[in-house]
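Report on the structure
Residues per chain are reported as follows:
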Amino acid sequence: MVRVKPSAADTELLDRLRELGFVVSSAQLERWRHVGVLPPNKRIYLGRGKGSASEYVGDSLEIAEAMAVTTRRGRSVHEAILRIFTVDPRHNDLLEEGLQIPERAIHSSLEWFIREGDQTLDRRIERRIRRSMASPDDAAEIARRLTATHYRDLFRHPPPTSKLRSKVWAPPEPHNINEEASRLSIRFAGDDEPGADLIAELIVSALPEHILDSTGGRFAAKERLASLLAERETADQPPIKLPMLQTMDVTLRFLSEVDIKRIRDARDKLACVSEMGNLYIHAGGSDAAKEMSDRMLNATTESIDANFLFHIALPIASTLAQDAWHRMASLIIMLLTESDRSILSALDSLAFAAMPHRFALNQEF
């Protein structure tokens, strides 16, 4: 590829970045502009017969500076975009107004996150099942195996923010890991009728031993349940459908219908809830924070959704330099692609409690 001389606008932008201590190439600017994160330069016509010039516009310098801070060899440009969108790396302050990154870059990066970047347990299981083109039986086994490994690793190496987690939302205890693995495997067993034997095996494997002892043991319980389910099948009753997780394809379709304002609102509200929630946890007993503490206490206890959302958003403020971007991107996608809007109402209540002067309660999300 033959490279042309950088435009006057790009030359000025590169010089400004160099003054800030960042050595960025014109090729990098081209790549950033190609994915949509860097706005195109504005062309200025100098008058008849005088040609034209160019200048960079808007937040171009701020965005390029943030990208220079975040870009790493081997790191996807989409990950870099999500990092600067969720938490500006130049300040690491969640209450700072976010960079005005172009809509196309945010949407494409969130789509990349769903397909490749999301490392939550559910997505890792789904990708493994897709790659192996597993049958329902094999899909359930993959889900069970990865879930058990995930939670065992979590107990061996707990995250630094685990002390902030409410016991209600803590991972299963070590002796319950196999039950949790079996429960989750049911949700990945496939969309077709899984059959009596598979359902019986999954349900029985999730039952505690003291219940199985009263029914003659695990094998006897499985045989009895499979027999009952088989009788249901032969009686022409509706087939049993296992509860399924929202797939990547469904999530992507929902996300494509979300406008940029709602995405930015979700980011801003999550940032404030996490930052002020962190303050509430550490300074809740002081007189100076009493008013805010009362608001946060009321908001976090008004519903299960609010309590759940508060505790999964809280670690964002404690992991700014590590995985805050990943948690916030996951939450933004969950909030905006969830069919049940009660979780959005919970976010509104929490955001109002955190900063009532910034977020009006019951404003349209």
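Everything below is about the structure printed above this text.
These notes cover the structure that comes with them. (Residues numbered from 1 in each chain as written. Predicted model: local features only at pLDDT ≥ 70, side-chain atom pairs only at ≥ 80, totals over all residues. Heavy atoms only, no water.)

Let us look at the environment of R152. Structurally, R152 is set in helix α7 (residues 136-156). Discounting chain neighbours no more than four positions away, the residues touching R152 are I177 and N178. (Helix = DSSP H or I, 4+ residues; strand = E, 2+ residues; numbered from the N terminus. Contact = heavy atoms within 4.5 Å.)

Taken as a whole, this structure holds 18 salt bridges when the rule is applied. R90 is paired through a salt bridge with E65; the nearest N and O atoms lie 3.3 Å apart. You can see R90 sitting in the loop between α4 (77-86) and α5 (103-117) and its partner E65 sitting in helix α3 (residues 60-70), a full 25 residues away along the chain. Given a relative accessible area of 17%, E65 falls into the buried group. (Salt bridge = Lys/Arg side-chain N within 4 Å of Asp/Glu carboxyl O. Buried < 20%, exposed > 50% of the residue type's maximum accessible area, 1.4 Å probe, protein only.)

What follows is about the side chain of T337. Looking at the element boundaries, T337 is found in helix α16 (residues 324-337). Beyond its immediate sequence surroundings of up to four residues, T337 is in contact with Q246, T251, F254 and L255.

This paragraph deals with the packing of α4 against α5. Angle between the axes and distance between the axes: these two values describe a pair of packed helices. Across the interface, α4 lies against α5 with an axial gap of 9 Å and an inter-helix angle of 115°. Handedness of the α4/α5 crossing: left-handed. For the pair α4 and α5, contact is made by H78, E79, I81, L82 and F85 and by A105, I106, S108, S109, L110, W112 and F113, respectively. A class-by-class count of the residues in the contact of α4 with α5 yields eight nonpolar, three polar and one charged. (Axes fitted to C-alpha atoms, helices over the stretch in contact; angles between N-to-C directions. Left-handed = near helix turned anticlockwise from the far one by under 90°. Nonpolar A, V, L, I, M, F, W, Y, C, P; charged D, E, K, R; others polar.)

Taken as a whole, the second largest pocket encloses approximately 230 Å³ of empty space. Lining the second largest pocket are 14 residues, with T70, R83, P89, L320 and A321 positioned closest to its centre. Mapped by element, the contributors of at least two residues to the lining of the second largest pocket are α3, α4 and α16. Top element by residues in the lining of the second largest pocket is α4. It accounts for three residues. Broken down by class, the residue content of the lining of the second largest pocket amounts to eight nonpolar, three polar and three charged. (1 Å grid on protein atoms, 1.4 Å probe; cavity = no way out; pocket = protein on both sides within 12 Å on 5 of 7 lines; lining within 4 Å. Points joined across faces, edges and corners; volume = space filled by probe spheres on them.)

Glancing now at the nonpolar core. Looking at soluble globular proteins, one finds that nonpolar side chains tend to be buried together. Grouped together as the largest cluster of nonpolar side chains are 73 residues, with contacts concentrated most on W32, V37, I101, I263, L270 and L309. Those residues within four positions of I101 in sequence are excluded, and the remaining contacts are V37, I63, I81, I84, F85, I106 and R264. Membership of the second largest hydrophobic core comes to 13 residues, among which are A139, I142, A148 and F188. (Core = buried A, V, L, I, M, F, W, Y, C linked by side-chain atoms within 4.5 Å.)

Let us now look at a negative patch on the surface. On the surface, D137, D138, D197 and E223 cluster together into a negatively charged patch. The exposure class of D138 is partly exposed, given its relative accessible area of 44%. (Patch = residues over 30% accessible without salt bridge, like charges linked within 9 Å, V, L, I, M, F, W, Y side chains within 5 Å. Areas by Shrake-Rupley, 256 points an atom, 1.4 Å probe, with all protein chains shown as cover. Lys, Arg positive; Asp, Glu negative; His and termini not counted. Charge placed at Lys NZ, Arg CZ, Asp CG, Glu CD.)

Topologically, L279 is positioned in helix α13 (residues 260-283). L279 gets classed as partly exposed once you look at its relative accessible area, which sits at 41%. It is 9.8 Å that separates the C-alpha atoms of L279 and A354, two residues lying 75 residues apart in sequence.

Moving on: the environment of V24. Counting through the fold element by element, V24 comes out in the loop between α1 (8-19) and α2 (26-34). Relative accessible area serves as the criterion here: at 8%, V24 is assigned to the buried category. Separated by eleven residues in the primary sequence, V24 and L13 place their C-alpha atoms 9.5 Å from one another. Apart from the residues within four sequence positions on either side, V24 is in contact with L14, L17, L29, W32 and A68.

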